Structures are given as C-alpha cells and as structure tokens.
Amino acid sequence: MTSDAEPFLYDIGKRADYVGLGHEEQVEHIKAYVCKPSSVTDKAVIVIHDIYGWQFPDIRYITDLVAAEGYVAVCPDFFLGKKPWTSADHWAKFGDWLKDRDPAKVDREADVVLKYLKEQCSAKKIGVVGFSWGGMAVHHLMLKNPEFKTGVSLYGIIRDSDDRYDLLNPTFFIFGGKDHTISYDQIILLEKKLKQYCQVEYRIKVYPGQVHGFAELKPEDMKPRDKPYIEEARKDMMNWLKTYVQSSL
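Within each chain, residue numbers correspond to sequence positions counted from 1 in written order. Given that this is a predicted model, residues contribute local features only at a pLDDT of at least 70 and side-chain atom pairs are listed and counted only at 80 or more, while totals for whole chains, interfaces and linings are drawn from all residues. Derived side-chain values reflect all non-hydrogen atoms in the structure, with water molecules and hydrogen atoms excluded from consideration.

(A) Fine view of the pattern of salt bridges. The salt bridge definition used is simple: a Lys or Arg side-chain nitrogen within 4 Å of an Asp or Glu carboxyl oxygen. A full pass over the atoms with the stated rule returns 13 salt bridges. Residue lysine 218 is joined to aspartate 58 by a salt bridge in which the shortest nitrogen-to-oxygen separation is 3.1 Å. One end of the pair, lysine 218, is in the loop between strand S8 (202-207) and helix H6 (227-246); the other, aspartate 58, is in helix H1 (residues 57-68), and 160 residues separate them in sequence. A salt bridge links lysine 227 to glutamate 231; its shortest N-O distance comes to 3.9 Å. Linking lysine 227 with glutamate 231, this pair stays in helix H6, spanning 4 residues, or about one helical turn. The buried label applies to any residue whose accessible area, calculated with a 1.4 Å probe on protein chains only, is under 20% of its type's maximum; exposed applies above 50%, and partly exposed to all values in between. When its relative accessible area of 43% is taken as the criterion, glutamate 231 is described as partly exposed. Taken together, the salt bridges that share partners define one network made up of Asp58, Lys218 and Asp221. We count a stretch as a helix when DSSP gives it H or I for four or more residues in a row; a strand needs E for two or more, and each element gets its number in order from the N terminus.

Below, the structure is given as structure tokens:
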C-alpha cells in the first residue's frame, strides 16, 4: 500500500501499561486528561493526541512529562467520544474513519479548552503540542489562533492548503528521518515556503533513522538505538516551550 493509503501508519506494537499521574475531567462538552505541576503556575500546554486517542498510554505519559516541566497540561478528547483508531482496524477504511475526525476542524474545542485553562486554571501563557494527527492540528491552530504563544508539531503538517505557511506565532516542526508518511521532499518544501512567507520564528528538525510516532514512546518501549533520538526530540520540545511559554512576556 502507498503512504497515501496509510497516512499515519506506524507500528504501535505492544505497549506497557501506564497509570497516569493526572485525572480525567469534563470540560464543557469535552472529556480531558489533566495533569498539574507540583507548584502553582500561570503557564499551560494543550497536548493533542494522535489517531489512537486521548486515552492511549503514550499520550498520557507525554502529558505527564509536560506537567513535570511546570505546566498545567491537558490532553482533551478531540474525537469527542468517537472511536479512536486501533491496530486491529483496516487501513483501507481509514479515509472513511477520518471524515469526521478532521485535524483542521479543532477550533471550537481548542477555544473551549483555552477558556477552561484561563478561567479554571488561571493560565495566562498557553502553548500547544501535537503528535501525528495532533501535529496537523497544531499546524492548523498556529495558522488560525493567536492565543497560542507557541506550537510544536511532531510529524504532522497541513498539506492541502495554500495558506499553510503564514504562522501567527513561533512553531517548531519535528520529523523522523525514516517517516514514510512525510517525505524528505515535503520537509524541504515546508522549509522553503516558511522561509518565503513566515514572519515569525520557526524551526524544522529531522531526527536520523526515526519513524513515524518515535517521540511518544515510554522508556520501557524504546529500542536502545532509538533512545538517544527520542530523548533529544523531547528535550528540544521542552526547550522550545520554555523559550516561548515559560519565558514569554
């Protein structure tokens, strides 16, 4: 099958169970996983899940890692109760499944979560990170919503829009060097067009030998050869957030 037929495919394999440090909460019409840091903060990060949904162990682990860096971290169910993709699903049906789970139609839910963070968590500085499907959502939001101080898109980009390069605030794009869903040519084009049209800070980084989904793995699920790149990507993500959320004026 082609990469177009399998746009988000990566081998999730067998995942170790994970008990999150946060809790589930109802935020208006959205269920969300919320994890708060040990000290009071006015900084927050929305974590957008991939096709495997908001309850997937890896995304909860990432949300907890973000909270440990001093942010109120919230991972909402952007599928609004609709069934996430599973490893048992057939990729031939992926297009139909995606029709009512469009990563470029997350604006209403993003606004609801922003309101919750500002009113219920006293957040004043808010960033957003997303993985795969969620990375596409981040790319979209950084083109549309100036309330996000910054965004980090991990192996997800909007590909079918002519105005996808005029980012509103600093954005970091992370890719794997062996990601079959996003070709090197697409990354080069993204860099070329951002250089031409983008008026804010941005960064693009490719991690050698890494496949789609690499940066979400928990330590016990990592392969030794991949661990340095996974840790590097996470460190880079956290440093970017620190620069534009922790240090923003």
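(B) Spatial organisation of the nonpolar core. Nine residue types can take part in a nonpolar core, namely buried Ala, Val, Leu, Ile, Met, Phe, Trp, Tyr and Cys, and a core is a set of them joined through side-chain atoms within 4.5 Å. In terms of nonpolar packing, the biggest core is built from 79 residues, with Ile46, Leu117, Phe131 and Met237 touching the most fellow members. Apart from residues lying up to four places away in sequence, isoleucine 46 is in contact with Val74, Pro76, Phe78, Val113, Leu114, Leu117, Ile126, Gly127, Val128, Val129 and Phe148. Should any heavy atoms of two residues lie within 4.5 Å, those residues are considered in contact.

(C) Spatial organisation of the side chain of asparagine 169. Along the chain, the position of asparagine 169 falls in the loop between strand S6 (150-154) and strand S7 (171-176). Here proline 146 takes part through its backbone oxygen, which lies 3.1 Å from a polar atom of the side chain of asparagine 169. A distance of 2.8 Å separates a polar side-chain atom of asparagine 169 from the backbone oxygen of phenylalanine 148. Not counting residues up to four positions away in its chain, the partners in contact with asparagine 169 are Met142, Pro146, Phe148, Lys149, Val200 and Glu201. Between N or O atoms, a polar contact is any pair within 3.5 Å; within protein, one atom must be a potential hydrogen donor and the other a potential acceptor, and residues adjacent in sequence are included only when both atoms are from side chains.

(D) Just the sheet that holds S7, in detail. Strand order in this open sheet of 8 strands is S1-S2-S4-S3-S5-S6-S7-S8, and the pairing throughout is mixed. The open sheet has two free edges, formed respectively by strand S1 (23-27) and S8, since each of these has just one partner strand. Adjacent strand axes in the sheet meet at a mean angle of 20 degrees when their direction is disregarded. To get an axis, a line is fitted to the C-alpha atoms, and for a helix only the part in contact is used. The angle between two axes follows their N-to-C directions and goes from 0 to 180 degrees. Its contacts with the sheet put helix H4 (residues 133-144) on strand S3 (43-48), strand S5 (125-131), S6 and S7, and the angle it makes with S5 is roughly 140 degrees. When DSSP locates at least two bridges between a pair of strands, those strands are taken to pair.

(E) Expanded view of the environment of glycine 135. As for its position among the elements, glycine 135 is in helix H4. Placed 17 residues apart in sequence, glycine 135 and valine 152 show a C-alpha to C-alpha distance of 7.4 Å. Excluding residues that lie within four positions of it along the chain, glycine 135 makes contacts with Gly130, Ser153, Leu154 and Gly156.

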